[in-house]
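Listed below, chain by chain, are the residues.
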Amino acid sequence: VQLVESGGGLVQPGASLRLSCTASGRTFSSYDTAWFRQAPGKEREFVAAITWFGTTNADSLKGRFTISRDRGKNMVYLQMNSLKPEDTAVYYCAANSAVVRNVRLRAEYSYWGQGTQVTVSS
């Protein structure tokens, strides 16, 4: 399964962006899917996940970031509001065909996209 992210870019603080993730050539509407991000010099960290049981957000991002899924379009989105300079990172989409036990763990996901750059700067 090849995941493809899009929607990144350069925005000013306070702006919004919506990232998109789709699976090339395959439906992944039933896959547990998550967004992670990696800032320069830092570990890749969990952002949000969506499974059959619902959604989970990183505690530090609650209220600003929202993950959602459109099964008909075979897409998973990450809506990011009130962006801050510290949100600058490469954002990755990850998915797994089997149920993920701990959505916050990178090792739980078999499929990863190449990432999309988000830069928040004035």
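Everything below is about the structure shown above.
All of the points below concern the structure found in this document.

About the cut-offs
Counting from 1, residues in each chain are numbered in the order their sequence is written. A pLDDT threshold of at least 70 governs which residues receive local features in this predicted model, and a stricter bar of 80 or more applies before side-chain atom pairs are shown or counted, although totals over entire chains, interfaces and linings include all residues. The basis for the side-chain values is all heavy atoms of the structure; hydrogens and waters are excluded. Surface patches are defined over residues having more than 30% relative accessible area and no salt bridge, joining like charges when they lie within 9 Å and nonpolar side chains (Val, Leu, Ile, Met, Phe, Trp, Tyr) when within 5 Å. Every accessible area reported is derived by Shrake-Rupley at a probe size of 1.4 Å, with residue values counting cover from the shown protein chains alone. Put simply, a salt bridge is a Lys or Arg side-chain nitrogen that is within 4 Å of an Asp or Glu carboxyl oxygen. Under the scheme used here, helices are H or I runs from DSSP no shorter than 4 residues and strands are E runs no shorter than 2 residues, and both carry numbers assigned from the N terminus. For every residue, the accessible area (1.4 Å probe, protein chains only) is compared with the maximum for its type, and the residue is labelled buried under 20%, exposed over 50%, or partly exposed between those bounds. Nine residue types can take part in a nonpolar core, namely buried Ala, Val, Leu, Ile, Met, Phe, Trp, Tyr and Cys, and a core is a set of them joined through side-chain atoms within 4.5 Å. Should any heavy atoms of two residues lie within 4.5 Å, those residues are considered in contact. Any two strands are treated as partners once DSSP identifies two or more bridges connecting them. Axes, fitted as lines to C-alpha atoms, cover a helix only where it is in contact. Angles between the N-to-C directions of the axes lie from 0 to 180 degrees.

**What about a nonpolar patch on the surface?**
So, point 1. A cluster of nonpolar side chains, namely Trp52, Phe53 and Val99, defines an oily patch on the protein surface of about 460 Å² accessible area.
So, point 2. In this fold, Trp52 is placed in the loop between β5 (45–51) and β6 (54–57).
So, point 3. Residue Trp52 is classed as exposed on the basis of its relative accessible area of 60%.

**Considering unusual backbone geometry**
So, point 1. Here the phi dihedral of Asn74 falls at roughly 55 degrees; this positive angle occurs in a residue that is not glycine.
So, point 2. In this structure, Asn74 sits in the loop between β7 (65–70) and β8 (75–80).
So, point 3. Owing to a relative accessible area of 14%, Asn74 belongs among the buried residues under this scheme.
So, point 4. Positive phi, normally seen in glycine, also occurs at Ser82, with a value near 50 degrees.
So, point 5. Looking at where Ser82 falls in the secondary structure, it is placed in the loop between β8 and β9 (89–96).
So, point 6. With relative accessibility at 42%, the residue Ser82 sits in the partly exposed group.

**Side note on the nonpolar core**
So, point 1. Ranked by size, the top nonpolar core spans 35 residues in total, and within it Trp35, Leu78, Met80 and Tyr91 carry the most contacts.
So, point 2. For this core, the secondary structure elements donating two or more residues are β3 (17–24), β4 (32–38), β5, β7, β8, β9 and β11 (116–120).
So, point 3. Those residues in contact with Leu78, other than ones at most four positions away along the chain, are Leu17, Arg18, Leu19, Trp35, Val47, Ala48, Phe65, Thr66, Ile67 and Tyr91.

**What about the sheet that holds β8?**
In sheet architecture, strand pairing relies on hydrogen bonds along the backbone and comes in two forms, parallel and antiparallel.
So, point 1. In spatial order, the strands read β1-β3-β8-β7; together these four strands make up an open sheet with antiparallel pairing. If you trace the sheet from one side to the other, it starts and ends with β1 (2–6) and β7, each paired once. Taken pair by pair, the neighbouring strands of this sheet meet at an average axis angle of 20 degrees, ignoring direction.
So, point 2. Two strands pair when backbone bridges link them, and β7 and β8 are joined in this way by six bridges, in the antiparallel orientation. What sits directly across from Ile67, in β8, is Leu78.

**Looking at the pairing of β7**
So, point 1. Alternating residues of β7 divide into Phe65, Ile67 and Arg69, all buried, and Thr66, Ser68 and Asp70, none buried.
So, point 2. Between β7 and the antiparallel strand that follows it, β8, lie four residues; Asn74 among them carries a positive phi value of about 55 degrees.

**Side note on the pairing of β11**
So, point 1. What you see with β11 is a clean split: Thr116, Val118 and Val120 sit on the buried side and Gln117 and Thr119 on the side with no burial.
So, point 2. Of the pairings in the sheet, the one linking strand β2 (residues 9–11) to β11 comprises three bridges and is parallel in character. Among the inter-strand pairings, Val11 is bridged to a residue of β11, identified as Val120.
So, point 3. Bridge count for β9 against β11 is three bridges, and the pairing is antiparallel.

**Let's talk about the pattern of salt bridges**
So, point 1. In the structure shown here, the tally under the stated rule is four salt bridges.
So, point 2. With a shortest N-O distance of 3.7 Å, Glu43 and Arg106 are connected by a salt bridge. Placement of the pair is Glu43 in the loop between β4 and β5 and Arg106 in the loop between β9 and β10 (111–112), with a sequence separation of 63 residues.
So, point 3. Here Arg64 and Asp87 are joined by a salt bridge, their closest N and O atoms 2.8 Å apart. Taken together, the residues span a long stretch of sequence, with Arg64 in the loop between β6 and β7 and Asp87 in the loop between β8 and β9 at a distance of 23 residues. With respect to class, Arg64 is no different from Asp87; both count as buried.

Note that every value here comes from positions in space, so none of it alone points to a role or purpose.
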